[in-house]
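Coordinate inspection notes
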Amino acid sequence: MYNLIGAGLIVIGGGIGLGQIGGKAMEGIARQPEAAGKIQTAMIIIGALLEGLAFGALILGK
Amino acid sequence: MDQLLHDFSPGLFFMQGIILFILIVLMRKFAWKPILDGLQSREDGIQNALDAAENAKLEMQNLQADNEKLLKEARAERESMLKEARDLKNKMIEDAKTEAQETANNMIAQAQAAIESEKKSAMAELKNHVSGLSIEIAEKVVRNELSNKDKQLKLIEDMLGEATLN
Amino acid sequence: MIFLTMKVAKQTFKFFILVSFLFANAFAMADNSSKDPVVSGNKVDTAEEIREYISHHLKDSHDFHFYTHNESGTHYSFPLPVIVWTSNGLKTFMSSAFHHDDAGQVIVDKGDTKLVKIHSKIYELDQGATSVNFDAEHHATNAHKVLDFSITKSVFGMLLTGLLMLLGFGALARGFKKGKSVPTGFSRVLEPLVIYVRDEIAKPNIGEKKYRKFMGFLLTVFFFIWILNLLGLTPLGFNVTGQIAVTACLAIFTVVIYMFSGTKDFWAHTLWMPGVPVILRPILAVIELVGFVIIKPFSLLIRLFANITAGHFVVMSLIALMITLKASFGPVVSTGMSLLLSLFIMVIELLVAFLQAFIFTMLSSLFIGMAVEEHDDHH
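Residues numbered from 1 in each chain as written. Chains lettered and ligands numbered in written order. Predicted model: local features only at pLDDT ≥ 70, side-chain atom pairs only at ≥ 80, totals over all residues. Heavy atoms only, no water.

Thoughts on the overall build of chain C
Let me state the cut-off plainly: Where helices and strands are cited, they refer to DSSP runs of H or I of at least four residues and of E of at least two residues respectively, numbered from the N terminus. Here, residues are in contact when the closest pair of their heavy atoms is within 4.5 Å. Every accessible area reported is derived by Shrake-Rupley at a probe size of 1.4 Å, with residue values counting cover from the shown protein chains alone.
Looking only at helices and strands, one finds 10 helices and 9 strands in chain C. For chain C, restricting intrachain contacts to residue pairs at least 6 apart in sequence, the fraction spanning at least 24 positions comes to 60%. When the accessible surface of chain C is summed, it comes to about 17700 Å², and 68% of that surface belongs to carbon and sulfur atoms.

In structure tokens:
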């Protein structure tokens, strides 16, 4: 039960983080479409790092 | 976490390690090295070809520029030659003209001189002739007049009459 | 303009995938807890059995199982060799000796050693025991695990992948060796992928000068993970990159490589950070070391493992909708829903298969790039 609550919290946190990354990246691309490739790569890397964090927490919590 | 540790198989880990290591070694030797070398040499080849093309283009441009310069020079030379020739021609014509003029002037002067002298001699001759003629005529007239006495008298009278009137 | 829109759409899609898998994984992690043994060969038709079936699939197995006919109980499968290191030395036999038993009922007697298989793991019975006793939580009380070097399904999948890679890229390499500068046939597909890994992953992260040394590792790992991920999507039922031992091994390779190729500068910056007060330096050194030795590889291995496990879990659950929803919606509707949803998730999984290989390689090269970087600014 507590596991599930914890997992929910992690997912909420991760979701907010991913939303921030994605939103800012979109803004960046809209502002500078020619830098889209670089922004995309950086976005994926940061997304992956966040994902690792969230998964790590999920697995440790399980 | 417990579940994960339970599921973790050291044997599989070991097998994976060995397989991955062997795979990396084999792939490096038989695949990646030749592939990357091939790609590199191909890219170098393309780069070289591009560079060569660029160089050739530059050379071509240089050549063209040279050609143009030569052409320009040749044109300028021709122009100057033409000009020179034209000048020469003009000069020659001028010279010829002045010379001709001079000769003509000389000739005219000579001719005039000759004409003058001829005229003079002709005049002198004419004078002589005319004087001879007149003397002859006068002699004839005088002979005629003085052939009889009356006439001689009459002439004298006329002449005297005239002389008094004057 | 259209191209740009497509690019943006692609990015949105990638993020959608990341988000959806964060969510998908949450319930994947939270869900598989019950541990009732199910003798394989029975009809799978209750929620409990489906869960059991999925968790069985997510584990490694010792035989290559395609299909079991329900009425006759015939298994369509072929056995794989079992190689175990027991307390009495190395024992080898074919997995058919277990007769598809997965609950510790069939005991393989190898003279001095008695072996049983429980939940896809091989146990050795303690001295004198003749059958497995279970405690309340269904853990064997009189048996212990053995070191299992078997050619399991995962090892088989890895060998298959290795073979495929050697054949495919060997052909491409032979083309280059022969002096052909343009590959033909299937090599034409592989070549841009190699160039992609080199130009998009290795060069920008490691640097133009040093990337070459690490290409062997990065390319091998990239294609290894990708092909294994794709194999996992076939009905053959491989789940190799969803084995935590496999991803742990991959991550440890990365750690070893960047630790051993670290420059003097890197170690100076890690262990004795210049430009900060001396008192803080040991603390920073501990943080950096923990980051490089534990956190980075841990996040690498967990990410790959969790994504693939979650993907398999979701796909199988959606396929199982066919059975679970049959009672409430009838066979046609439940089958249609199941097909539609699993098709959709399968398409995403195809992308995830690539994305995870890409991210693993990308982060590996990023870490290697950190380790081999020359700092010319001493701040």
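Continuing now.
A closer look at the environment of V256(C)
Assignment of secondary structure puts V256(C) in helix α6 (residues 244-260). As a C-alpha pair, V256(C) and V293(C) span 37 residues in sequence and 9.1 Å in three-dimensional space.

Observations regarding helix α5 (residues 211-233) of chain C
Spacing of three or four residues puts side chains on the same side of an α-helix, whose turn is 3.6 residues. All names here are of chain C. Operational definition: A helix is expected to span 1.5 Å multiplied by its residue count minus one. Fitting axes to the seven residues ending at a residue and to the seven starting there, one defines the bend at that residue as the angle between these axes. Relative accessibility under 20% of the residue-type maximum defines a buried residue, over 50% an exposed one, and the middle range a partly exposed one, all with a 1.4 Å probe and only protein chains included.
End to end, α5 covers 32 Å across 23 residues, agreeing with the expected 33 Å (1.5 Å per residue, within 8%). Along α5, the helix axis deviates most sharply at F217, where the bend reaches about 30 degrees. Taken across its 23 residues, α5 has 20 buried, putting it largely inside the fold.

Notes on the pattern of salt bridges
Residues and elements named next belong to chain C. To be explicit about the condition: Any carboxyl oxygen of Asp or Glu within 4 Å of a side-chain nitrogen of Lys or Arg constitutes a salt bridge here.
For the coordinates displayed, the defined rule picks out 8 salt bridges over all chains. Among the ionic pairs, D199 bridges to R198, the shortest N-O distance being 3.0 Å. Its salt-bridge partner being K203, residue D199 comes within 3.6 Å of it at the nearest N-O pair. Here K203 and D199 lie together in helix α4 (residues 187-206), a separation of 4 residues that amounts to about one turn. Classification of D199 as partly exposed rests on a relative accessible area of 28%.

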